[in-house]
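Listed below, chain by chain, are the residues.
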Amino acid sequence: MNREENLNQLRDKSKIWDIAVIGGGSSGLGVALDAVSRGLSVVLLEKADFAKGTSSRSTKLVHGGVRYLAQGDIALVLEALKERGMLLKNAPHLTQNQPFIIPIYTWWDRIQYSAGLKIYDWMAGKLRLGKSRFISKSETIKRLPAVLQKGLKGGVVYHDGQFDDARLALNIAQTADELGACVLNYMKVSGLVKNESGKISGLKVIDEQSKEKLEIQTKMVVNATGVFADKILQMDNPEAPKTIQPSQGIHLVMDLEFLGGKDALMIPKTRDGRVLFAVPWHNKLVVGTTDTLREKAKLEPEALQKEIDFVLETASGYLTKKPSRADVKAVFAGLRPLARPKEGSTKTKEISRSHKVIVSQSGLVTLTGGKWTTYRKMGEDTVDYFTQITGQTLNPSKSLNQKIHGFTTEIPSGHWSIYGSDAAKIQQLTIENPEWSKPIHPAFPNILAEVVWSCQNEMAVKVEDVLSRRIRMLILDAQAALDSAEKVAQTMAVALQKDQTWIDSELADFKKTAEKYLIKST
Ligand SMILES: Cc1cc2nc3c(=O)[nH]c(=O)nc-3n(C[C@H](O)[C@H](O)[C@H](O)COP(=O)(O)OP(=O)(O)OC[C@H]3O[C@@H](n4cnc5c(N)ncnc54)[C@H](O)[C@@H]3O)c2cc1C
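Presented here is an overview of the structure given in this document. (Residues numbered from 1 in each chain as written. Predicted model: local features only at pLDDT ≥ 70, side-chain atom pairs only at ≥ 80, totals over all residues. Heavy atoms only, no water.)

For the rest of this paragraph, the subject is helix 2 (residues 26-37). When the terminal C-alpha atoms of helix 2 are compared, their 16 Å separation across 12 residues agrees well with the 16 Å that a helix rising 1.5 Å per residue should span. Restricting attention to buried positions, one finds in helix 2 the residues Ser26, Ser27, Gly28, Leu29, Gly30, Val31, Ala32, Leu33, Asp34, Ala35, Val36 and Ser37. Buried-residue contacts for helix 2 involve strand 1 (16-22), strand 2 (42-45), helix 7 (165-178), strand 10 (213-223), strand 19 (365-368) and helix 10 (375-383). Looking one or two residues beyond helix 2, the residue adopting positive phi is Gly39, at roughly 85°. (Helix = DSSP H or I, 4+ residues; strand = E, 2+ residues; numbered from the N terminus. Expected span 1.5 Å × (residues − 1). Buried < 20%, exposed > 50% of the residue type's maximum accessible area, 1.4 Å probe, protein only. Contact = heavy atoms within 4.5 Å.)

Moving on, we get to the packing of aromatic side chains. As enumerated under the stated definition, the model contains seven aromatic pairs in all. Between Phe100 and Tyr158, the aromatic rings sit 5.3 Å apart at their centres with planes inclined by 20°, giving stacked as the arrangement. Taken together, the positions of Phe100 in strand 4 (residues 95-104) and Tyr158 in strand 6 (residues 154-163) put the pair 58 residues apart, joining distant regions of the chain. Summarising the burial analysis for this pair, Phe100 and Tyr158 share the class buried. Note on Trp416 and Tyr419: the rings are 5.8 Å apart at their centroids and 45° apart in plane angle, and the pair reads as tilted. On the accessibility criterion, Tyr419 (2% relative accessible area) is buried. Each residue in the set Phe100, Tyr120, Tyr158 and Phe277 is aromatic and connected to the rest through ring pairs, giving one cluster. The ring of Trp281 carries the charged tip of Lys60 above its face, separated from the ring centre by 4.9 Å. Looking at Arg274, its charged tip hangs above the ring of Phe310, at a distance of 4.3 Å from the centre. (Phe/Tyr/Trp six-rings, centres within 6.5 Å; stacked < 30°, edge-to-face > 60°. Lys NZ or Arg CZ within 6 Å of the ring centre and 35° of its normal.)

In terms of nonpolar packing, the biggest core is built from 87 residues, with Ile19, Leu168, Met492 and Phe510 touching the most fellow members. Here this core gets nine residues from one element, more than from any other, and that element is helix 16 (residues 478-496). Every residue in contact with Phe510, bar those within four places of it in the chain, is listed here: Val463, Glu464, Leu467, Leu474, Ala481, Leu482 and Ala485. Among the nonpolar cores identified, the runner-up in size contains 29 residues, and Ile135, Val157, Phe258 and Val311 belong to it. (Core = buried A, V, L, I, M, F, W, Y, C linked by side-chain atoms within 4.5 Å.)

Further remarks concern the packing of helix 2 against helix 7. Here helix 2 crosses helix 7 at 25°, and the two axes come no closer than 9 Å. Taken as axis vectors, helix 2 and helix 7 run roughly parallel relative to one another. As helix 2 packs across helix 7, the resulting crossing turns out to be left-handed. Residue-level contacts link Leu29, Leu33 and Val36 of helix 2 to Ala169, Ile172, Ala173, Thr175 and Ala176 of helix 7. Here the residues of the contact of helix 2 with helix 7 sort into seven nonpolar, one polar and no charged. (Axes fitted to C-alpha atoms, helices over the stretch in contact; angles between N-to-C directions. Parallel < 35°, antiparallel > 145°, perpendicular 65-115°, else oblique. Left-handed = near helix turned anticlockwise from the far one by under 90°. Nonpolar A, V, L, I, M, F, W, Y, C, P; charged D, E, K, R; others polar.)

Following the sequence through the fold, Asp422 ends up in the loop between helix 11 (386-390) and helix 12 (423-432). Not counting residues up to four positions away in its chain, the partners in contact with Asp422 are His405 and Trp453.

Our focus in this paragraph is the pattern of salt bridges. Per the stated rule, a full pass over the model turns up 36 salt bridges. One salt bridge in this structure joins Arg133 and Glu139, with 3.1 Å as the shortest N-O distance. Since its relative accessible area comes to 25%, Glu139 is described here as partly exposed. Here Glu139 makes a salt bridge to Arg143, at a shortest N to O gap of 3.6 Å. Taken as a pair, Glu139 and Arg143 lie in helix 6 (residues 137-143) at a separation of four residues, close to a single helical turn. (Salt bridge = Lys/Arg side-chain N within 4 Å of Asp/Glu carboxyl O.)

Encoded structure:
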């Protein structure tokens, strides 16, 4: 996946793309992957880095959604369970079967959750990840040593998937690129081009790295910009009403010892009626989330103090060792799109977690809602509109069985697992230059060769791309990431042939961003 080569494809003024996708989060990548699987020519334009938005800030679950089952959304859960099963097959290096334990404090809860999760198992059919079952109090304590034991009656174990969201985004981008799509990060869509009949025929694009301006021609445009969808809808029609109200969810990252085992903790109903997860991830514990209305769509949303307090207090209600602010290694926030209340009403209603495809008069196709787990199906359903928009016939989708870049049946051990079949090639780099076998940070297993690899093969162009989304250190331990920034910048400067001015400006940029992931112990 080479940025310069892809840029050159974009500079070809005579080229008419079948589909141009705006947005390089899970939704846009799903569209690009599905379109290229059907033999269409596709370009995907992301204004920042792949998965810089909500798609790197999830709870890291590949799930059917136990919560949606409780809400009676059967069709959504069935669809998500199928996609969950296929994603675990297609990207085994980035996903895993994760046991979850719901601690049981009342017998009614035992009956309720045991029955509900049996239905969940049954709905997954052949793609089931494991049988749910009730476990005794002593087994619950053995598996979740740090869970609150007062009043504990046992636990219900069930299985869902878990994944590395930003790395999956990257590997999907690489898969699409290898199948012939042109994917580009740091390419902002600044305007829509229309023909005499008011139909969209192209896009105005700015390279955020060089500030070069380009115009491309395309038969269909997909707006897959998540919480930014209204901005594109208003580019299309300045009178378009605002439809999205962002709602923020935060996660706190702490040491694994706060939970104590390999199993994840799921609290289906906290004292104020929310769901709380504490999930082991890359040797840390990710705890969340919240649901807080925010006014603006932002690429770098910040956790509010009250959200941090809420997650700490709620988690403390179920754990023997109560985490404090000082124990939090990093905090990250993401935005989900809610439907904005109609004029005069104060009520918000969540866009159903099942996705929606909306076609504007100009032919602009907007994909909203959904979730990471169903990214591929969302892409397929969107590409299905190609015939309606262009009048051309369309091949059937082949993305369901598409193996994702890095696929291997022999998953490398330790932290190398996430690279799948690329791991050996990265290790090979240390033979070329032994300096690159040095660790990036003493508390992390990552080495400098990974930085070089991400510049050469994964389109990393900024220090933040590497520390946040290629090796995830920023969201695992923000201080460690800050301490590693200089080493990473210097290694990137060699790989990308940059000078000291670039290093200085990157370090200043990274510091500004990374400070938002630190929690002050007040
Ligand atoms: C707190 C939280 C936890 C979640 N946990 C889970 C989970 O565990 N499992 C799960 O399945 N789902 C989960 N989800 C849902 C899932 O994360 C989202 O559905 C998904 O990431 C949305 O992806 P997206 O591509 O629509 O949006 P985004 O990831 O935000 O991508 C939109 C992209 O568009 C780009 N863009 C915007 N404007 C332009 C422009 N003009 N030109 C070019 N690019 C542009 C942005 O830079 C951005 O990268 C969670 C969501 C939240 C908020």
